[in-house]
Structure formats: structure tokens, C-alpha cells
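Here is what each chain is made of, one letter per residue.
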Amino acid sequence: MKGAFCWSLLILATLFGASGGNYYNSDDGSLVYIGSFYGIHLSVTWFDAVCACYNRGLVPITIDSEHKENQIKRLLTKIGANETFWTGGNNIANANYFKWLSSGNVIEYSNWGYNAPSYASDNCINIDSTNKWDHWRCDIESRYMCEENAYIAQSNAEPNEDPLFYVHEQLKDECKLNRKDDLQHRFKITI
């Protein structure tokens, strides 16, 4: 019995302590991961954040309603986090439309901060310390949030018609091969 208990503790320590972040449950019980490194806040580029989420079987967070945003705000308040976090929102595939990476859906609900969005070369969406949305260049470093992928089944995007579908698939492949820098470089050239 003692050996099984120690083994369970070792597994939990591996999953939660040394995994480079912390797992939390939001108000509705869904799993949210907030990236950090052994308790130290870790800032990464948007591409690194996407790969970190994918490598955990999660996706970058989608905030598609006021209800969802309020859940995230309560979670961040509860854990005392007041930094800026990457989300899955971006306009990499089409500069005219911000979409969620997990579903491919055009962003309809938003909480943009002052003068945002500008549809300039800042293609990736983050939540700032005031809980407003902003968009930065994807190669700037920030913390990140991931979640279980509950959105794929709800996607209204047609895979063969939506360029974001191909971006999503390329990112998954690049992350598996640990070649996210190659993809990031290609996006810099084409954007």
C-alpha cells in the first residue's frame, strides 16, 4: 500500500510539478493549463505557446463568450495571476479576420482594449493585465493558457475552405517535429 501511494505521488509530481505549468479547473469544471516553469513565470512566443498546449493534448484558450471570459477572470483572480497571456486568437491566415485556432471560427465575442484591433502586423491575441484583449506580434514573449479542446465539434469552418485549418494542421506537425521556429519564420516572411 505504501509503495502504491509513493508511486501515485511520483506520477502527480511528474504531471503537475515538473510539467512546466499548473493545471486548474474553471468554474464549469473544464481543465485549464497556465504555463510556468517550476513555479517561475515562463514567457514564450505565441508559436511556442501553441506547441506547449498541443504537446499536452490541449489547445490555446478560446474565449468565445462573456461567460467564458468571466470564468477565466475568476480563475486568474483566484490564483493571483495578473500578467498578460496568449490566447488561441489570431489573424495569421487572413489579416482581415481574427479567428480562434481551436475551432477556426471568426471571433464574434470580444473584449478589445483601447484602439484594438488595428489589423496591422500584430497577429496574435493576448489578454492583458487589465483583462482587455490586445494583439501583438506573434514572436513577442508572454505567458499562455491552454484548455481541453471542446471546440472542434462546434467548428463552423469547412476544412477545405478555411486557410486557418491548414495553419492549425501545419502547427501540429511542426510541434510534433519540434520545428516550430521554421513555421514561425515562414509566417514572418508571408505576413
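Model, not experiment: these values are computed from the prediction. (Residues numbered from 1 in each chain as written. Predicted model: local features only at pLDDT ≥ 70, side-chain atom pairs only at ≥ 80, totals over all residues. Heavy atoms only, no water.)

Chemist: Just to check I follow, could you spell out the state of the cysteines for this structure?
Modeler: Note on terminology: a disulfide is the covalent bond linking the sulfur atoms of two cysteines. Counted by the stated rule, this structure contains three disulfides. Here Cys51 pairs with Cys175 through a disulfide, and the sulfurs are 1.9 Å apart. Its S-S torsion of approximately -80° makes the covalent link between Cys51 and Cys175 left-handed. With a gap of 124 residues between them, Cys51 in helix α2 (residues 46-55) and Cys175 in helix α4 (residues 163-176) connect regions that are remote in the sequence. Comparing Cys51 with Cys175, the two get one shared label, buried. Here Cys53 engages in a disulfide with Cys146; their sulfurs sit 1.9 Å apart. Negative torsions about the S-S bond denote left-handed disulfides, and the value of about -80° found for Cys53 with Cys146 makes this one left-handed. (Disulfide = S-S within 2.5 Å. Helix = DSSP H or I, 4+ residues; strand = E, 2+ residues; numbered from the N terminus. Buried < 20%, exposed > 50% of the residue type's maximum accessible area, 1.4 Å probe, protein only.)

Chemist: Explain the nonpolar core to me, please; I cannot follow it from the model alone.
Modeler: In a soluble, globular protein the nonpolar side chains are often hidden away together inside. If you look at the biggest cluster of nonpolar residues, it comprises 22 residues, and the most contacted ones within it are Trp46, Tyr54, Ile92, Tyr144 and Leu171. Mapped onto this core, the elements with two or more residues apiece are α2, β9 (143-147) and α4. Discounting residues that sit within four places of it in the chain, Trp46 has contacts with Trp86, Thr87, Gly88, Gly89, Asn90, Ile92, Leu101, Cys124, Cys138, Ile140 and Leu171. Among the nonpolar cores identified, the runner-up in size contains 18 residues, and Ile63, Trp100, Ala116 and Trp133 belong to it. (Core = buried A, V, L, I, M, F, W, Y, C linked by side-chain atoms within 4.5 Å. Contact = heavy atoms within 4.5 Å.)

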